[in-house]
Amino acid sequence: MAVRRFFKGVCALGCISAAVSALPASASISVVDDAGRTVTLTAPARRIVSLAPHATELVYASGAGAAVVGVSEYSTYPPEAGKLPSVGGVSALDLERVLALKPDLVIVWGSGNSATQIARLRQIGIPVFESEPRSFEMVATSLERLGKLGGTEPVGQEAASAFRERLSRLEKLYKHRPAVSVFYQIWRTPLMTLNGEHLVSSGLRLCGGRNIFADLPQLAPTISTEAVLKADPDAIIASSGAKDDAFRQWRRFEGMRAVKRGNLYTVDGELMNRAAPRVLDGVEALCRVLEKARTVK
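Residues numbered from 1 in each chain as written. Predicted model: local features only at pLDDT ≥ 70, side-chain atom pairs only at ≥ 80, totals over all residues. Heavy atoms only, no water.

As for the nonpolar core
Which entries qualify depends on this criterion: Residues belong to one nonpolar core when they are buried, are Ala, Val, Leu, Ile, Met, Phe, Trp, Tyr or Cys, and are joined through side-chain atoms within 4.5 Å. Working definition: with a 1.4 Å probe on protein chains only, accessible area under 20% of the residue-type maximum means buried, over 50% means exposed, and in between means partly exposed. We call two residues contacting when some pair of their heavy atoms lies within 4.5 Å.
Counting residues in each nonpolar core, the largest one holds 56 residues, and the members touching the most others are Ile48, Phe136, Ile237, Val283 and Leu286. The residues contacting Ile237, other than those within four sequence positions of it, are Val182, Phe183, Tyr184, Gln185, Tyr265, Val267, Leu286, Val289 and Leu290. Membership of the second largest hydrophobic core comes to 15 residues, among which are Phe183, Leu191, Val228 and Leu264.

Right, here's the structure in full:
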């Protein structure tokens, strides 16, 4: 009986071994990032460093937050991200700190992080995913792609689906609203705005807003007071979180359409300017203030 049990055990071990050897080798994971580069990992990322606040939000929303070991400054959402080691500001990263975290994936911001530092990470051989969502669909696919890289693909797909469904509801609600011309102010000194390629302009279009500086070539151009006065927008929207009056410089121009009508509004820049799922919270608030602007003649 003992001998029989022994040979039965050996057979079981042999069968398991044969079954394992018959399985296909673990396949690599590949996605294309927002710069058109193919990013390949041999296994799901287990140590991720995010070099931009919007990228941090995307990773967590894709389900891979548990793998994040370091973030850039101002990565305050979700709250647990704010407790992680900081690797410096977006434009002034500490590469030594990044490398000390031994990442197997670094997510960078193409137009925000230093091109030299991004190139250095690639030279060292660290896989780099460049994140630069310029449309709502790119936000959705970012959730899918980062979920795939983090081994949480079902979560990323579910988050992307929920994002698309909410976006569709907002589009149906506001797509036929009358146009409102808008100056979107992101900084007061120097005076700065965003062009038509930025995700904010997609939000404006969804709400029936028209960005008066959409045609400028720079993503975040510096503009003059005179240029805003000449365009004479229906509304001015500031994304500043400053506690002082973001519209102080405009109130003296009483003949300006936005000032005369009282169409001076503030939206949460952390929501509106970050290309992450919460951008739809910002868009919803934006649509509401543009509805107010339409009622004032």
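Focus: the layout of surface pockets
Where we set the bar: With a 1 Å grid laid over protein atoms only, a set of points is called a cavity when a 1.4 Å probe fits there but cannot get out and a pocket when it is open yet has protein on both sides within 12 Å along at least five of seven lines; lining residues have an atom within 4 Å of a point. Grid points are joined across faces, edges and corners, and a volume is the space filled by probe spheres set on the points. Classification used: nonpolar for Ala, Val, Leu, Ile, Met, Phe, Trp, Tyr, Cys and Pro, charged for Asp, Glu, Lys and Arg, polar for all others including Gly.
For the largest pocket, the calculated volume is near 1200 Å³. Surrounding the largest pocket, 37 residues form its lining, Trp109, Ile186, Trp187, Gly269 and Asn273 being those nearest its centre. Of the residues that constitute the lining of the largest pocket, the class distribution is 17 nonpolar, 13 polar and 7 charged.

Describing the pairing of strand 1 (residues 29-32)
Under the convention used in this document: In this text, helices come from DSSP runs of H or I with a minimum length of four residues, and strands from runs of E with a minimum of two, each type numbered from the N-terminal end. Here, a strand pair is defined by DSSP locating no fewer than two bridges between the strands.
Of the two faces of strand 1, only one is covered, namely that formed by Ile29 and Val31; the face formed by Ser30 and Val32 stays uncovered. The sheet contact formed by strand 1 and strand 2 (residues 38-41) spans 4 bridges and is antiparallel. Residue pairing for strand 2: Val31 is matched across the bridge by Val39.

Overview of the pattern of salt bridges
Selection rule: Criterion for a salt bridge: a side-chain nitrogen of Lys or Arg within 4 Å of a carboxyl oxygen of Asp or Glu.
Taken as a whole and judged by the stated rule, the model has 19 salt bridges. Of the charged contacts, one joins Arg177 and Glu291 as a salt bridge, the two residues approaching to 2.8 Å between their closest N and O atoms. Of this pair, Arg177 sits in the loop between helix 6 (153-174) and strand 9 (180-185) while Glu291 is found in helix 12 (residues 279-295), placing the two residues 114 residues apart along the sequence. Residue classification places Glu291 among the partly exposed positions, given a relative accessible area of 24%.

Details of the sheet that holds strand 10 (residues 209-211)
Basically, it comes down to this: Angles here are taken between N-to-C directions and fall from 0 to 180 degrees, while the axes themselves are lines fitted to C-alpha atoms, restricted in helices to the stretch in contact.
Pairing within the open sheet is parallel, and its 4 strands lie in the order 10-9-11-12. Two strands close off the open sheet at either side, each with one partner strand: strand 10 and strand 12 (264-266). Each strand axis lies, on average, 35° off the axis of its neighbour in the sheet, ignoring direction. In this structure, strand 11 (residues 235-238) lies alongside strand 12, joined through 3 bridges in parallel fashion. Bridged to Ile236 within strand 12 is Leu264. On the sheet, helix 7 (residues 199-206) packs against strand 9 and strand 10 and is oriented at approximately 145° with respect to strand 10.

Points about the confidence of the model for the protein chain
Our working definition: As a per-residue measure, pLDDT reflects the predictor's confidence and takes values from 0 up to 100.
For the protein chain, mean pLDDT is 89; residues scoring 70 or higher make up 89% of the total. The low-confidence segment residues 1-25 (pLDDT under 50) makes 0 contacts with residues lying over four places distant or belonging to another chain.

Examining the packing of helix 6 against helix 12
Angle between the axes and distance between the axes: these two values describe a pair of packed helices. Counted only if it meets this: Working definition: roughly parallel below 35 degrees, roughly antiparallel above 145 degrees, roughly perpendicular at 65 to 115 degrees, and oblique for all remaining angles.
Relative to each other, helix 6 and helix 12 sit at 10°, their axes nearing to 11 Å. Relative to helix 12, the element helix 6 lies roughly parallel. Between helix 6 and helix 12, the contacting residues are Phe163, Arg166, Leu167, Leu170 and Tyr174 on the first element and Val279, Leu280, Asp281, Val283, Glu284, Cys287, Arg288 and Glu291 on the second. For the contact of helix 6 with helix 12, the class distribution of residues is 8 nonpolar, no polar and 5 charged.

Here we look at the side chain of Ser142
Relative to the helices and strands, Ser142 resides in helix 5 (residues 136-149). What Ser142 contacts, discounting residues up to four positions off in sequence, is Asp34, Leu58 and Pro133.

Quick word on the sheet that holds strand 8 (residues 128-131)
Here 4 strands make up an open sheet; going across it, the order is 4-3-7-8 and the pairing parallel. Two strands lie at the open edges of the sheet, namely strand 4 (68-71) and strand 8, each paired on one side alone. Averaged over all pairs of adjacent strands, the angle between strand axes in this sheet comes to 20°, irrespective of strand direction.

As for the side chain of Ser75
We apply this condition: The term polar contact refers here to a pair of N or O atoms within 3.5 Å; inside protein, the definition further demands a hydrogen-donor-capable atom paired with an acceptor-capable atom, and it admits residues adjacent in sequence only when both atoms are side-chain atoms.
Mapped onto the fold, Ser75 is located in the loop between strand 4 and strand 5 (88-89). The exposure class assigned to Ser75 is buried, which follows from its relative accessible area of 4%. For Ser75, the side chain forms a polar contact with the main-chain oxygen of Ser72, separated by 3.1 Å. Residues contacting Ser75, with those up to four places away along its chain left out, are Ala52, Pro53, Thr56, Ala81 and Gly82.

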